[in-house]
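Now for the letters of each chain:
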Amino acid sequence: MTTRREFLKIAGVATTTMVLPAQASNGPHLDSERFGVLADLTLCIGCRKCEWACAGANELSSYPIEYYDDTCVFEKYRRPTTTEYTVVNRFPASETSVQTDAKVQCMHCEHPACVSACIVGALQKDPMGPVTYDADKCIGCRYCMVACTFQVPAYEYLNATTPQVRKCTLCSDKTLNGSGKPACVEICPREALTFGKRSELLKIAEQRIRRNPDRYIDHVYGEKEAGGTSWMMISGTDFKELKFPEVGDESPAVVTETIQHGIFRGFSGPLMLLGLLGATMKAMKKDPSDG
Amino acid sequence: MFKQIFLIFLLLVTAAFGQLVDKDHATTHPERSVNTCLECKDCHTCDNPTREAPCLTSCPRHSHHFYGQHTSGEGPDVVIIDQLKNHYGPVAFAHRLHSAMSEMTGGCNNCHHYSEKDGVIPSCKECHLEESDDLSISMPSLKGAYHRQCINCHRDWAHDNACSFCHEPTDSEIPENLDTTDIVGVPHPRIQATSSYNYVTSYEDGPIVTFHHDDHVTLFGGQCSDCHKGDSCSRCHDETKQVQQINHLTSCCSCHQERDCLFCHSTQPKPPFQHRLTTGWDLEPYHTKTACKTCHNNPGSFKTPSAHCNDCHIHWDSGSFDHKITGLVLSEDHLDNDCVDCHSDRNFELQPECSECHDEITYPEELPGEKFR
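What you see is a predicted model, and the numbers here were worked out from it, not measured in a lab.

Participant: Give a detailed account of unusual backbone geometry, specifying residues and quantitative values.
Facilitator: Residue and element names in this part refer to chain A. Phi is positive for glutamate 59, which is not a glycine, with a value near 50°. Residue classification places glutamate 59 among the exposed positions, given a relative accessible area of 73%. A positive phi angle is found at cysteine 171, which is not glycine, with a value near 45°. Here cysteine 171 shows up in the loop between strand 7 (165-166) and helix 5 (172-175). Given the relative accessible area of 8%, cysteine 171 is considered buried.

Participant: Please set out the environment of lysine 174 of chain A residue by residue, giving values where relevant.
Facilitator: All names here are of chain A. When you line up the elements, lysine 174 lands in helix 5. Taking relative accessible area as the criterion, lysine 174 reaches 22% and is therefore assigned partly exposed. With residues up to four places along the chain from it excluded, the contact list for lysine 174 reads Ser179, Gly180, Lys181, Pro182, Ala183 and Glu186.

Participant: Tell me what's going on with the nonpolar core, and back it up with residues and numbers.
Facilitator: Leu41, Phe150, Leu193, Trp231, Met233 and Phe244 of chain A are the most contacted members of the largest nonpolar core, which totals 37 residues. Listing elements by their share of this core, those giving two or more residues are strand 1 (35-40), helix 2 (49-57), strand 2 (87-91), helix 6 (183-187), strand 8 (193-197) and strand 9 (231-234) of chain A. Counting eleven residues, the second-largest nonpolar core is a separate cluster that includes Leu38, Leu201 and Ile234 of chain A together with Ile137 of chain B.

Participant: I'd love a proper account of the environment of isoleucine 45 of chain A, names of residues and values included.
Facilitator: Its place among the elements puts isoleucine 45 of chain A in the loop between strand 1 and helix 2. Separated by 45 residues in sequence, isoleucine 45 of chain A and arginine 90 of chain A place their C-alpha atoms 9.0 Å apart.

Participant: Tell me about the sheet that holds strand 4 (residues 208-212) of chain B, and name the residues and values.
Facilitator: Residues and elements named next belong to chain B. Read across the sheet, three strands follow the order 3-4-5 without closing on themselves; strand pairing throughout is antiparallel. Strand pairing shows two members of the sheet lacking a second neighbour, strand 3 (196-200) and strand 5 (265-266), which therefore form its edges. Pairing between strand 4 and strand 5: two bridges, direction antiparallel. Of the residues in strand 5, the one forming a bridge with valine 209 is histidine 265.

Participant: Could you give me a rundown of empty space enclosed by the protein, with the residues and numbers involved?
Facilitator: Residue and element names in this part refer to chain A. On inspection of all chains with the given rule, the structure shows four cavities of 30 Å³ or more. There is about 120 Å³ of room inside the largest cavity. Along the walls of the largest cavity sit 15 residues, with Cys44, Cys50, Cys188, Ala192 and Leu193 positioned nearest its centre. Residues of the lining of the largest cavity, tallied by class, amount to eleven nonpolar, one polar and three charged.

Conventions used here
Residues numbered from 1 in each chain as written. Chains lettered and ligands numbered in written order. Predicted model: local features only at pLDDT ≥ 70, side-chain atom pairs only at ≥ 80, totals over all residues. Heavy atoms only, no water. Buried < 20%, exposed > 50% of the residue type's maximum accessible area, 1.4 Å probe, protein only. Helix = DSSP H or I, 4+ residues; strand = E, 2+ residues; numbered from the N terminus. Contact = heavy atoms within 4.5 Å. Core = buried A, V, L, I, M, F, W, Y, C linked by side-chain atoms within 4.5 Å. Pairing = 2+ DSSP bridges. 1 Å grid on protein atoms, 1.4 Å probe; cavity = no way out; pocket = protein on both sides within 12 Å on 5 of 7 lines; lining within 4 Å. Points joined across faces, edges and corners; volume = space filled by probe spheres on them. Nonpolar A, V, L, I, M, F, W, Y, C, P; charged D, E, K, R; others polar.

What follows is the structure, given as structure tokens:
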């Protein structure tokens, strides 16, 4: 026969152990050798070969290479879609800037909001860099699309039976086992895209900016944006003009995770209160029979 | 004795510690951690580089080490770049031409950013690897190096990224009669011109003028210099990106002497010239390669041919000529006719006459056989 005091003890310990593991996250585990891509927008000429290579590598479409010579697409600003994991946009020269072509794709954040929002773990941050997607786990809630800072994930609305969330994979089938570079990096004729260790790329980016201060603005987009991203850009034009979103240096996932985990940690209080209430009610129910 | 053993022990410990420090340095050094084949001397000139005084060797690209004194006449005439062919054929780079052009600006080191102390220019592939590895990550590979050099100027001047500007598409057919040696009187690399242009003019009755460049070059046998003689380089290689006004009085009217504006001007784009549609006489299949002037020898007038069929086909007569090649198989009744029975005066361009034999029959309402094409 447990006494009231013993019951309260057990209840208290149980709630505490239940709540303890849910703590504010410091982000996913990352390898110090993790890789990324540096895009030098001053070298990009908008040839759209990356789009062609991407479509082929991911079996998204089978247009011939000539199809991508069409520059009329630059008339409208484009975003990645379910059949185009990457698109190049052209920004004409203005009074303050030169003509710049800028590639858009999943940035593969260091602390991705989509991974944080995914309730089934279909999206995962690989310690080596890529944000991977497991279609078998995905339930199609599309929280990732809402969560993404860069509005990248696209959803196959036209696929009625097995729709998937589609976004750049950083060619993880090749890059994770070290057998190759992403398709877009491989094809880029001017090597505006450099694939390598993120730490090395940051050094190269800083070196290029330091050596050619007239050519570049002093900003590596993705070094700190949204807590840092695997894709990083250097440019001669302000990133605001290139429609790169202005995001803070902290990953939005940090904010949401802190709030949410904080609430759950705080639940130990209400739970204990509830336990106390239940125990009191039980005790009060017993009282008449005693007396 | 004890003292000696202690000293030896101390030495061993020091040596081991030294090894440890060296090894530690080797693995933590940013470049060494990437590639262990790299020797210290590869980057540092002194024996004991420190963080404060690294005594690094200078990178050829960024210091522009160029000692050479060369003239445009030196070096190869044409360089074939085919190390990296995949979708496109090899590139024939007109080296002599480019070196002549670069004499107007920066000279050889416009492109050759590095040469040995004795002035010898190494080829691109001596430094730039075919595949960049982790160590050379900040240096473009051969593919990147070539493209960065070429596209810089070609993009500014031609406003075009097309691969075919340098790379011959492997499946293309080059028009044989295209003479590329006569533009502005100097040899010029092959030009890929737009096949047709639609000019919008201020002429109200027919604002649109369609100019089929392809037709003029391949079909009408025009030479580049017929229209482009005396063009300045900046007509095509303009950095100002301003479309130059075309003076049609000199460029078009030097050949077209029509006084009818609507010959060129129209309210909608015109299709390319097809002999069959315009004249009713099909060049297919035997006369497609015949030059216009073979039959139309009167300058400025193409209305009627100046030459006639039997100027060339002198052996045509009823016994030797297979009428089938005209697309009309003669019926048995007509097989034995003489040519002049239908084609009076042996003028084969004129409509054949049936009235010689038949009262009520006219060509082409009724045919002397069966038409199959």
